[in-house]
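So you can see what is in the structure, the chains are spelled out below.
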Amino acid sequence: QWHTTITIAANDFQRDALLPTLMQRLRLAAPGLRLRVIPSDVPTPDMLRQQHCQLIISPRPPEGADILQKRLFADHYRVFYDPAVRDAPATAKDYLAAEHITVVYAPNRPLDLDATLLRQGIERRFAVQVPGFSGLPTFMTGTPLLATVPGLLARHLMRDLASAPVPVPCPEMPMYLIWHQRHHQDPAHQWLRRQLEAIAQPLAS
């Protein structure tokens, strides 16, 4: 009998990995519930405080004493490439000699991985920067470009490309479910969070 619109902030990776399955569950268990998805970009506490959304799914939980979070899963990075054009980079030397494509969120926020590798002195040549993961395949197809991104993208956005282990040290990428404390004890909100936790469980490492 729940009739409302739930707004979830998620970028294209977590959106495609989790939210289509959530929508299928909602159609069965809560058909009066409408789902709206907005981009999370680099999330801020005000997105929740000002109720622009009820949930955020992001690897970057915003800080705030009134902001709560739970880790959903962790993914491992892989290097994607077009196998019709090139082979996987077998060594760090091959990897660093190649041209790369990456994601940079507005206004100029790189992926956490890119910032981490740069701090470690691992500097790559980026030929292309796009504002979201969904822009990667079009630029990569038919080119020797490499993209170092979460491995779970092989299930949807990057399914037509090949991937291999990254030949340089990479951290894992955690994913968090984030909400405001005003919703913490709300039974309907708790139910919604449990649905997302159950969907994410097979992805947990």
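Here the structure is shown first, and the text comes after it.
All of the points below concern the structure found in this document. (Residues numbered from 1 in each chain as written. Predicted model: local features only at pLDDT ≥ 70, side-chain atom pairs only at ≥ 80, totals over all residues. Heavy atoms only, no water.)

## Considering unusual backbone geometry
Let me state the cut-off plainly: Comment: elements are numbered from the N terminus, with helices defined as DSSP H or I runs of at least four residues and strands as E runs of at least two. We call a residue buried when its accessible area falls under 20% of the maximum for its residue type, exposed when it is over 50%, and partly exposed in between, using a 1.4 Å probe and counting protein chains only.
One non-glycine residue, Asp41, lies in the positive phi region at around 45°. By secondary structure assignment, the location of Asp41 is in the loop between strand E2 (33-38) and helix H2 (45-49). Positive phi, close to 60°, is recorded for Gln51, a residue that is not glycine. Tracing the backbone shows Gln51 in the loop between H2 and strand E3 (55-58). On the accessibility criterion, Gln51 (45% relative accessible area) is partly exposed.

## Considerations on the pattern of salt bridges
Test applied: What makes a salt bridge here is a side-chain nitrogen of Lys or Arg within 4 Å of a carboxyl oxygen of Asp or Glu, nothing more.
All chains considered together, the criterion is met by eight salt bridges. Here Arg71 ties to Glu172 by a salt bridge, and the two come within 2.8 Å at their closest N and O atoms. Taken as a pair, Arg71 in strand E4 (residues 67-81) and Glu172 in strand E10 (residues 172-180) lie far apart in primary sequence, 101 residues in all. When salt bridges with common partners are traced through the structure, they connect Asp46, Arg49 and Asp66 into a single cluster.

## A look at helix H6 (residues 187-200)
Which entries qualify depends on this criterion: Helix span, expected: 1.5 Å multiplied by one less than the number of residues in the helix. The directions considered for the arc run from the helix axis to the C-beta atoms. Whether two residues touch is decided by their heavy atoms; if any such pair falls within 4.5 Å, the residues are in contact. Residues adjacent in sequence count toward polar contacts only when both atoms are side-chain atoms; beyond that, a polar contact is any pair of N or O atoms within 3.5 Å, and within protein one must be able to donate a hydrogen and the other to accept it.
Helix length check: H6 (14 residues) gives 20 Å between terminal C-alpha atoms against 20 Å at 1.5 Å per residue, within 8%. When H6 is considered as a whole, its buried residues turn out to be His189, Leu192, Arg193, Gln195, Leu196, Ile199 and Ala200. End-on, the buried residues of H6 take up no more than an arc of 150°, which puts them together on one face. Buried residues along H6 sit in contact with strand E1 (4-10), helix H1 (12-29), E3, E4 and E10. The opening residue of H6, the one whose side-chain oxygen lies 3.2 Å from the backbone nitrogen of Ala188, is Asp186.

## Focus: the pairing of E2
Inclusion rule: Here, any two strands with at least 2 DSSP bridges between them count as paired. The handedness of a crossover follows from its direction of travel: if, with the strands pointing away from the viewer, the path from the first strand over the helix to the second runs clockwise, the crossover is right-handed.
With six bridges joining them, E1 and E2 adopt parallel strand pairing. What sits directly across from Ile8, in E2, is Val37. Following the chain from E1 across H1 to the adjacent parallel E2, one finds a crossover that is right-handed.

## Considering helix H4 (residues 112-119)
All of the buried residues in H4 are Leu113, Asp114, Thr116 and Leu117. Considered in projection along H4, the buried side chains sweep an arc of 165° and stay on one side of the axis. Facing away from the buried side of H4 by more than 90 degrees, the exposed set consists of Leu118 and Arg119. Looking one or two places after H4, you find Gly121, whose phi comes out positive at around 85°.

## Remarks on the packing of aromatic side chains
Defined as follows: Any two of the Phe, Tyr and Trp rings considered here, Trp counted by its six-membered ring, make a pair once their centres fall within 6.5 Å; the pair's planes then place it as stacked at under 30 degrees, edge-to-face at over 60, or tilted in between. Any Lys NZ or Arg CZ found within 6 Å of a ring centre and within 35 degrees of that ring's normal is scored as a charge over the ring.
A full pass over the atoms with the stated rule returns two aromatic pairs. Summarising the aromatic geometry, the rings of Trp2 and Trp191 are spaced 6.3 Å apart at their centres and angled 75° between planes, so their arrangement reads as edge-to-face. Of this pair, Trp2 sits in the segment before E1 while Trp191 sits in helix H6; the two residues are 189 residues apart in sequence, bridging distant segments of the chain. Judged by centre distance (6.1 Å) and plane angle (70°), the ring pair of Phe13 and Phe133 falls under edge-to-face. Linking Phe13 in helix H1 with Phe133 in the loop between strand E7 (125-130) and helix H5 (136-140), this pair joins segments that are 120 residues apart in sequence. Summarising the burial analysis for this pair, Phe13 and Phe133 share the class buried. Of note, Arg193 hangs over the ring of Trp179, and the distance from its end group to the ring centre comes to 4.3 Å.

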